Amino acid sequence: MSNGADRIDLVVIGLGYVGLPLAQEACRSGLRVTGLDVVPRVIDGLNAGRSHVDDLTDLDIAAMLATGFSATSDASVIARADAVIVCVPTPLGADGGPDLTLVLTSIRTIAEHLTPGTLVVLESTTYPGTTDEQVRPILEEATSLIAGKDFSLAFSPERIDPGNPVYGMKNTPKVVGGHTPECTTKAATFYRQFVDTVVEAKGTREAEMAKLLENTYRQVNIGLVNEMAKFCHELGIDLWDVIEAAKSKPFGFQAFYPGPGVGGHCIPIDPMYLSYQVRARLGAPSQFIELAQATNNSMPAYVTHRAQDMLNTAAKPMNGSTVLILGVTYKPDIADQRESPAEPLAQQLASLGAKVSYFDPHVTNWHVDGVATTRADDLVSGLKNCDIAILVQNHSTMDLDVVAKNAPLLLDTRGKAEGPTVERL
Ligand SMILES: NC(=O)c1ccc[n+]([C@@H]2O[C@H](COP(=O)([O-])OP(=O)(O)OC[C@H]3O[C@@H](n4cnc5c(N)ncnc54)[C@H](O)[C@@H]3O)[C@@H](O)[C@H]2O)c1
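Here the structure is a predicted model, which is why all the values come from computation and not from measurement.

Before going further, it helps to examine the overall build of the protein. The helix and strand tally for the protein stands at 14 helices and 16 strands. Expected size for 425 residues packed as a compact globule is a radius of gyration near 22 Å; at 24 Å, the protein falls within 12% of this value. Taking the principal axes of its C-alpha atoms as reference, the protein extends roughly 75 × 50 × 40 Å. For the protein, the residues scored as buried account for 52% of the 425 residues in total. Considering only contacts in the protein between residues 6 or more positions apart, those separated by 24 or more positions represent 68%. Counting only carbon and sulfur atoms, one obtains 54% of the accessible surface of the protein, whose full area is about 18600 Å². Between the averaged position of the 34 positive side-chain charges in the protein and that of its 50 negative side-chain charges there is a distance of 2 Å.

Contact geometry for helix α11 (residues 299-313) and helix α12 (residues 342-351): axes closest at 8 Å, N-to-C directions at 45 degrees. Relative to α12, the element α11 lies oblique. α11 and α12 meet at a crossing whose hand is right-handed. Together, Pro300, Ala301, Val303 and Thr304 of α11 and Pro344, Leu345, Gln348 and Leu349 of α12 make up the contact between the two elements. Partitioned by chemical class, the residues of the contact of α11 with α12 number six nonpolar, two polar and no charged.

Not every one of the 25 residues close to the ligand is listed here, only the nearest: Val18, Asp37, Thr90, Glu158 and His265. Between the ligand and aspartate 37, the relevant distance is 2.6 Å, taken from an oxygen atom to a side-chain nitrogen or oxygen of the residue. Residue threonine 90 places a side-chain N or O atom 2.6 Å away from an oxygen atom belonging to the ligand. In the complex, 90% of the free accessible area of the ligand, which totals 820 Å², lies under the protein chains. Across the shell around the ligand, the residue classes break down as 14 nonpolar, seven polar and four charged. Both domains that meet at the shell around the ligand, namely domain 1 (8-202) and domain 2 (211-295), each give it at least three residues.

What follows deals with the packing of aromatic side chains. Scanning all chains against the criterion turns up six aromatic pairs. Plain terms: the ring middles of phenylalanine 190 and phenylalanine 194 are 5.8 Å apart, the flat faces sit at 85 degrees to each other, and that makes the pair edge-to-face. Like phenylalanine 194, phenylalanine 190 is buried. Geometrically, the ring pair formed by tyrosine 217 and phenylalanine 256 is edge-to-face, given 5.6 Å between the ring centres and 75 degrees between the ring planes. With tyrosine 217 in helix α7 (residues 204-235) and phenylalanine 256 in the loop between α8 (239-246) and α9 (270-282), this residue pair connects regions lying 39 residues apart in the sequence.

Take empty space enclosed by the protein next. Scanning all chains against the criterion turns up one cavity of 30 Å³ or more. The wall of the largest cavity is formed by Pro157, Glu158, Arg159, Ile160, Gly168, Met169, Thr172, Pro173, Lys174 and Val175. Of the residues belonging to the lining of the largest cavity, the class tally is five nonpolar, two polar and three charged.

This part covers the sheet that holds strand β4 (residues 81-86). Taken in spatial order, the eight strands of this open sheet run β3-β2-β1-β4-β5-β6-β7-β8, and their pairing is mixed. Here the strands that pair on one side only, and so sit at the sheet edges, are β3 (70-72) and β8 (198-200). Averaged over all pairs of adjacent strands, the angle between strand axes in this sheet comes to 25 degrees, irrespective of strand direction. The strands touched by helix α4 (residues 101-113) within the sheet are β1 (8-13), β4 and β5 (119-122), with β4 carrying the most contacts at an inclination of about 170 degrees. On the sheet, α7 packs against β6 (152-155) and β7 (174-178) and is oriented at approximately 150 degrees with respect to β7.

Let us now look at the domain arrangement of the protein. It is common to report an interface's size as the accessible area lost on association of the parts. Domain annotation of the protein identifies domain 1 (8-202), domain 2 (211-295) and domain 3 (298-424). One C-alpha centre belongs to domain 2, the other to domain 3; they are set 23 Å apart. Buried surface at the junction of domain 2 and domain 3, both sides included, amounts to about 1400 Å², of which 62% is carbon and sulfur. The largest per-residue losses of area from domain 2 upon contact with domain 3 belong to Lys230, Trp240 and Pro260, which jointly make up 43% of the total buried on that side. Those elements giving two or more residues to the side of domain 2 that touches domain 3 turn out to be α7 and α10 (287-297). Among the elements that take part in the side of domain 2 that touches domain 3, α7 stands out by supplying four residues, more than any other. Residues that form the side of domain 2 that touches domain 3 fall into these classes: eight nonpolar, seven polar and one charged.

Let's shift gears to the pattern of salt bridges. With the rule as written, the count across this model stands at 23 salt bridges. Of the charged contacts, one joins aspartate 82 and arginine 7 as a salt bridge, the two residues approaching to 2.8 Å between their closest N and O atoms. Taken together, the residues span a long stretch of sequence, with aspartate 82 in strand β4 and arginine 7 in the segment before β1 at a distance of 75 residues. For aspartate 82, a relative accessible area of 26% puts it in the partly exposed group. With relative accessibility at 24%, the residue arginine 7 sits in the partly exposed group. A salt bridge links glutamate 290 to arginine 279; the nearest nitrogen and oxygen atoms lie 2.9 Å apart.

Turning our eyes to something else, we now look at unusual backbone geometry. Located in the positive-phi region is serine 144, a residue other than glycine, with phi close to 65 degrees. Mapped onto the elements, serine 144 comes out in the loop between α5 (130-143) and β6. A positive phi angle, close to 60 degrees, is found at alanine 315, a residue other than glycine. Inspection of the secondary structure assignment puts alanine 315 in the loop between α11 and β9 (322-326). Overall, the relative accessible area of 70% leaves alanine 315 in the exposed class.

Criteria and thresholds
- Residue indices begin from 1 for each chain and proceed along its sequence in written order.
- Note on the predicted model: pLDDT of at least 70 is required for a residue's local features to be given, and 80 or more for side-chain atom pairs to be given and counted; whole-chain, interface and lining totals, by contrast, use all residues.
- The side-chain numbers reported here are obtained from all heavy atoms of the structure, hydrogens and water having been left aside.
- Secondary structure is summarised from DSSP: a helix means a run of H or I of at least four residues, a strand means a run of E of at least two, and numbering begins at the N terminus for each.
- Only C-alpha atoms enter the radius of gyration, while the globule expectation follows 2.2 Å times N to the 0.38, with N the number of residues.
- Residue exposure (1.4 Å probe, protein chains only): buried if accessible area is under 20% of the type maximum, exposed if over 50%, otherwise partly exposed.
- Contact criterion: two residues are considered in contact whenever any of their non-hydrogen atoms come within 4.5 Å of each other.
- Using a 1.4 Å probe, accessible areas were evaluated by the Shrake-Rupley method; residue-level cover was limited to the displayed protein chains.
- Counting rule for charge: Lys and Arg are taken as positive, Asp and Glu as negative, and neither His nor the chain ends is counted.
- To locate a charge, take atom NZ for lysine, CZ for arginine, CG for aspartate or CD for glutamate.
- Axis lines are fitted through C-alpha atoms, for helices just across the contact stretch, and the angle between N-to-C directions can take any value from 0 to 180 degrees.
- If an angle is under 35 degrees, it is roughly parallel; if it is over 145, roughly antiparallel; if it lies from 65 to 115, roughly perpendicular; otherwise it is oblique.
- Two helices crossing with the near one rotated counterclockwise from the far one by less than a right angle form a left-handed crossing, whereas a clockwise rotation gives a right-handed crossing.
- Note on residue classes: Ala, Val, Leu, Ile, Met, Phe, Trp, Tyr, Cys and Pro are nonpolar, Asp, Glu, Lys and Arg are charged, and everything else, Gly too, is polar.
- We call a residue near a molecule or strand when any one of its heavy atoms sits within 4 Å of it.
- Any pair of nitrogen or oxygen atoms within 3.5 Å is treated as a polar contact; in protein, a donor-acceptor pairing is required on top of that, and neighbouring residues in sequence qualify only through side-chain atoms on both sides.
- Boundaries of every domain are those given by an automatic assignment or by a domain database.
- Here the aromatic set is Phe, Tyr and Trp, taking the six-membered ring for Trp, and pairing holds for ring centres within 6.5 Å; pairs whose planes are under 30 degrees apart are stacked, those over 60 apart are edge-to-face, and all others are tilted.
- Whether a set of points on the 1 Å grid over the protein atoms alone is a cavity depends on a 1.4 Å probe fitting there but being unable to get out, while an open set qualifies as a pocket with protein on both sides within 12 Å along at least five of seven lines; lining residues are those with an atom within 4 Å of a point.
- Grid points are joined across faces, edges and corners, and a volume is the space filled by probe spheres set on the points.
- Think of it this way: DSSP has to see at least two bridges between two strands before they count as a pair.
- What gets called buried area is simply the loss in accessible area from a 1.4 Å probe that two parts show on being joined, summed for both.
- Definition used for salt bridges: Asp or Glu carboxyl oxygen within 4 Å of a side-chain nitrogen of Lys or Arg.

This is how it looks when you write it as structure tokens:
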């Protein structure tokens, strides 16, 4: 902990799904933490003890405030900080490449207040080279301070898994890679105050790339089973049973499951940073990434096609049928809808004339193309009033026996339900 009454051990920039759990864990370990954000609703809510993130409760925020945590939009706090960690969003730009606007805005803000000796860490997911080629020049040119000499600079990929009951900030190993070996040591020492295991990478590029390898590994394997789901259906092979059998092998195999498409940030977006960078730098495609992306993106249309076939077998057209989507978030038991495949699925269904409604205990309002979708408040009556239900997200509070018993037809994209009217992807 730093000396001096007005010193701050850590300023976290961006108090979202990544920044807030980070700030929480640092508070728990006794560090003096301040959060910097640009959204007044986020700042005022946190200072009033309200959480806006699934993984933290209002009680968690109260515990943080009790340690002296506060949220602010006043960037001058950076001048009093020993460490500044950037956790702002990195969306995809219109051209499919990374949009670093918010990262670079935050770095310019840091540069305005940077003092010698500060540790600056970027956690936002990005392509390899960002810390060295984009972040470092802004900090050095604006301040005349030199990274690795006057201040420390590192990249440490966030590994937050929203809703994961086992692995959180503290017990998930943290990778850090510094601009110099000394920067790596300084960043690793800092994180060791509140993370059990810190893994030192060779440099910033290796740490940036490690995150993209993790996410691409999942994206490609999900793409593989999604393609298998399509041809196994044609061949009359139950892929879900195949995966159960294959995963009995205690080595050399990890189970991945097909689904209605991929959502969140890690799988649909992060690998695209890499393929964009490889194309821009080397002029070559990253074939695995692009094929997996195309396959995963084709799943909402494939699910629509399968639902249409099921209705057809029951002598019903998709046009005019009521389709109930069960679960519209991108993963179970959370409210986060970012990049959820439920949205392109609803668009595809509506384009064929279906009347789309949804049931999701975590989502009170769901907009598709800016238009509010009809919400079934009660699961059983929603099922009784539809022609077909499509299980997109299996929230644990949704009783799948009740679903299977009451749905006239059920297309189960998660391989979880059983019954005479159920068809699995
Ligand atoms: N949430 C996840 O599960 C997840 C998974 C993988 C990667 N990531 C990565 O983590 C990073 C952060 O994502 P997130 O999910 O926490 O985002 P988020 O949208 O939940 O939160 C980001 C916060 O940053 C704030 N912000 C934006 N611009 C700012 C600025 N200039 N100064 C200060 N605050 C600013 C926003 O108001 C918001 O509160 C991204 O790079 C994302 O790719 C997140």
